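# Residue-level structure breakdown
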Amino acid sequence: MNNTVENALENTAEVLIGRAEQRLLHAILQSDVAVLDELLADDLIFTNHLGHVMSKQDDLGAHRSGVLKVNQLVASEQRIQWHGEVAIVSVRMALSGTFAGNPSDVDLRFTRIWSAASNGAWQVIAAHSCGVV
């Protein structure tokens, strides 16, 4: 392929990942378990900012039960990097909400790895978050 075609394909893929990221943020804010179920791979590995490893079911359960409620997410400093068929997204998030009834206002950096599922839909296969100082 020539560089023009490769750049066009990469830009299209970046747009798709950008849209998937927006869907994910909206689903988190709405605790929309149905959309989260679509966007998170069944074998998701998520390490949260406290160092706890969570599965897809753990994450969905926190939203479903109301233990986790995100009131505001403000994304900044987003970068998308490609490695073959996998997209790595790094994004800074100012997050405000509650966890188990306790208020939480944190500045976090998330790294998410997106991969196309067998049906062609993009899903998060792994994620990690840490505090920003």
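To start, this report covers the structure provided alongside it. (Residues numbered from 1 in each chain as written. Predicted model: local features only at pLDDT ≥ 70, side-chain atom pairs only at ≥ 80, totals over all residues. Heavy atoms only, no water.)

What follows is about the packing of aromatic side chains. Scanning the model with the defined rule gives 1 aromatic pair in all. Ring geometry for Trp82 against Trp122: centres 5.7 Å apart, planes inclined by 70°, an arrangement best described as edge-to-face. With Trp82 in strand S3 (residues 68–83) and Trp122 in strand S6 (residues 122–131), this residue pair connects regions lying 40 residues apart in the sequence. (Phe/Tyr/Trp six-rings, centres within 6.5 Å; stacked < 30°, edge-to-face > 60°. Helix = DSSP H or I, 4+ residues; strand = E, 2+ residues; numbered from the N terminus.)

A word on the layout of surface pockets. A volume near 660 Å³ is recorded for the largest pocket. As for the largest pocket, its lining consists of 31 residues, of which Phe46, Asp59, Leu68, Leu95 and Phe110 are closest to the centre. Contributing elements (two or more residues each) for the lining of the largest pocket: helix H1 (3–30), strand S1 (40–47), helix H3 (56–65), S3, strand S4 (86–99), strand S5 (102–116) and S6. For the lining of the largest pocket, the class distribution of residues is 21 nonpolar, 8 polar and 2 charged. (1 Å grid on protein atoms, 1.4 Å probe; cavity = no way out; pocket = protein on both sides within 12 Å on 5 of 7 lines; lining within 4 Å. Points joined across faces, edges and corners; volume = space filled by probe spheres on them. Nonpolar A, V, L, I, M, F, W, Y, C, P; charged D, E, K, R; others polar.)

Taken as a whole and assessed by the stated rule, the structure comprises 7 salt bridges. In this structure, the salt-bridge partner of Arg112 is Glu21, at a minimum N-O distance of 2.6 Å. Here Arg112 is found in strand S5, whereas its partner Glu21 is found in helix H1, with 91 residues between them in sequence. Glu21 gets classed as buried once you look at its relative accessible area, which sits at 1%. Here Glu77 ties to Arg109 by a salt bridge, and the two come within 2.6 Å at their closest N and O atoms. Taken together, the positions of Glu77 in strand S3 and Arg109 in strand S5 put the pair 32 residues apart, joining distant regions of the chain. (Salt bridge = Lys/Arg side-chain N within 4 Å of Asp/Glu carboxyl O. Buried < 20%, exposed > 50% of the residue type's maximum accessible area, 1.4 Å probe, protein only.)

All of the buried residues along H3 are Lys56, Asp59, Leu60, Ala62 and His63. Along H3, the residues classed as buried sweep out an arc of 155° about the axis, all on the same side. Relative to its buried face, H3 has exposed residues pointing more than 90 degrees away, namely Gln57, Arg64 and Ser65. The N-terminus of H3 is capped by Ser55, whose side-chain oxygen sits 3.3 Å from the backbone nitrogen of Gln57. (Arc of directions from axis to C-beta. Polar contact = N/O pair within 3.5 Å; in protein donor to acceptor, adjacent residues only side chain to side chain.)

In spatial order, the strands read S2-S1-S6-S5-S4-S3; together these 6 strands make up an open sheet with mixed pairing. Taken across any chain shown, the strands that pair with only one partner, and hence form the sheet edges, are strand S2 (53–54) and S3. As paired elements, S3 and S4 share 13 bridges and run antiparallel to each other. Residue pairing in the sheet places Gln81 in a bridge with Ile88 of S4. Of the strands in this sheet, S1, S2 and S3 touch H3, which is tilted by about 85° from S1. (Pairing = 2+ DSSP bridges. Contact = heavy atoms within 4.5 Å. Axes fitted to C-alpha atoms, helices over the stretch in contact; angles between N-to-C directions.)

Let's shift gears to the environment of Asp107. Secondary-structure assignment places Asp107 in strand S5. At 2.4 Å, the side chain of Asp107 forms a polar contact with the side chain of Arg92.

Turning next to the nonpolar core. The biggest cluster of nonpolar side chains holds 30 residues, and the ones touching the most others in it are Leu24, Leu36, Leu40, Leu73, Trp114 and Val124. When contributions to this core are tallied by element, the ones reaching two or more residues are H1, helix H2 (33–39), S1, H3, S3, S4, S5 and S6. The greatest single-element share of this core, amounting to 6 residues, is contributed by H1. If near-sequence neighbours (up to four positions away) are discounted, Val124 is found in contact with Leu24, Leu39, Leu40, Ala41, Leu44, Arg112, Ile113 and Trp114. (Core = buried A, V, L, I, M, F, W, Y, C linked by side-chain atoms within 4.5 Å.)

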